[in-house]
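The chain contents come next:
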Amino acid sequence: MMTADNVRTFYNETFFPEGQAQKTELSISLKANGREITIPGIEVSPHFTLDEIIRSFHAYLVQNGPVPLKEKPDQAEPDLINFEAMQYRGKPYYVEEYPNERFVVRRQDGQALKENSPTARTLVKRFKDEYWPKG
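Residues numbered from 1 in each chain as written. Predicted model: local features only at pLDDT ≥ 70, side-chain atom pairs only at ≥ 80, totals over all residues. Heavy atoms only, no water.

Student: Which residues make up the pairing of strand β1 (residues 24-32), and what values do they have?
Tutor: Relative to strand β2 (residues 35-44), β1 runs antiparallel, the two being bridged by eight bridges. By the bridge assignment for β2, L30 is matched with I37. Between the antiparallel neighbours β1 and β2 lie two residues, among them N33 with a positive phi of about 50°. (Pairing = 2+ DSSP bridges. Helix = DSSP H or I, 4+ residues; strand = E, 2+ residues; numbered from the N terminus.)

Encoded structure:
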């Protein structure tokens, strides 16, 4: 489940980590009307609009040519169910929940931790304790 708190935490930790607005590198995927575009690794600030981001990336492609994208797996990634920003030993992590009780724990830089690492196991357990329905 995506909550307002998830979005606020992600936004604030991404663009205002020290209380001041700063640029950060994002990868953005947009889907609409059966079409999809991916903008890999673009530097943006919290003040940029979606229009500015798309027009800037378009101008870059016109000037520099196509950008290779990573190969997509044969099967599409299952839909994300929930995403939570969590702290562990003073460091921020992101826990992603997918169908069939599959979890991915990422560092702030987006790097996924090994599924069986102590940090990942601890964060998944905390995630389940805090965000799964009690029943």
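Student: Quick rundown of helix α1 (residues 4-15)? Include the residues and the values.
Tutor: Helix length check: α1, at 12 residues, gives a terminal C-alpha distance of 16 Å against a target of 16 Å (1.5 Å per residue), a fit within 8%. Within the span of α1, buried status applies to N6, T14 and F15. Along the axis of α1, the buried positions cluster into a sector of 120°, meaning they face one direction only. (Expected span 1.5 Å × (residues − 1). Buried < 20%, exposed > 50% of the residue type's maximum accessible area, 1.4 Å probe, protein only. Arc of directions from axis to C-beta.)

Student: Lay out unusual backbone geometry in plain terms, naming residues and giving numbers.
Tutor: In the Ramachandran plot, N33 falls in the positive-phi region, its phi being about 50° despite a non-glycine side chain. With respect to the secondary-structure elements, N33 resides in the loop between β1 and β2. Judged by its relative accessible area of 79%, N33 falls in the exposed class. At N100, a position not held by glycine, the phi torsion is positive, near 65°.

Student: Which residues make up the packing of aromatic side chains, and what values go with them?
Tutor: Enumeration over the complete set of coordinates arrives at eight aromatic pairs. Centre to centre, the rings of F103 and F127 are 5.5 Å apart; their planes meet at 70°, and the pair counts as edge-to-face. Taken as a pair, F103 in strand β5 (residues 102-107) and F127 in helix α3 (residues 118-131) lie far apart in primary sequence, 24 residues in all. Judged by relative accessible area, F103 falls into the buried class, the value being 12%. Where F103 meets W132, the ring centres are 5.9 Å apart and the plane angle is 35°; that geometry is what we call tilted. In this pair, F103 is assigned in strand β5 and W132 in the segment after α3, connecting sequence segments 29 residues apart. Ring pairs connect the aromatic residues F103, F127, Y131 and W132, which therefore count as one cluster. For R102, the ring lying beneath its charged end belongs to Y98, and the centroid distance is 4.5 Å. (Phe/Tyr/Trp six-rings, centres within 6.5 Å; stacked < 30°, edge-to-face > 60°. Lys NZ or Arg CZ within 6 Å of the ring centre and 35° of its normal.)

Student: So what's going on with a nonpolar patch on the surface? Residues and values would help.
Tutor: Where nonpolar side chains cluster on the molecular surface, the patch consists of I37, L50 and I54 and spans about 240 Å² of accessible area. Here L50 lies in helix α2 (residues 50-64). (Patch = residues over 30% accessible without salt bridge, like charges linked within 9 Å, V, L, I, M, F, W, Y side chains within 5 Å. Areas by Shrake-Rupley, 256 points an atom, 1.4 Å probe, with all protein chains shown as cover. Salt bridge = Lys/Arg side-chain N within 4 Å of Asp/Glu carboxyl O.)

Student: Tell me about the pairing of strand β3 (residues 82-88), and please be specific about residues and values.
Tutor: Across the seven residues that make up β3, a large majority, six, are buried. Where β3 meets strand β4 (residues 91-98), seven bridges bridge the pair, whose relative direction is antiparallel. Paired with Y88 across the two strands is K91, which belongs to β4. Between the end of β3 and the start of β4, which pair antiparallel, lie two residues, with R89 showing a positive phi angle near 50°.

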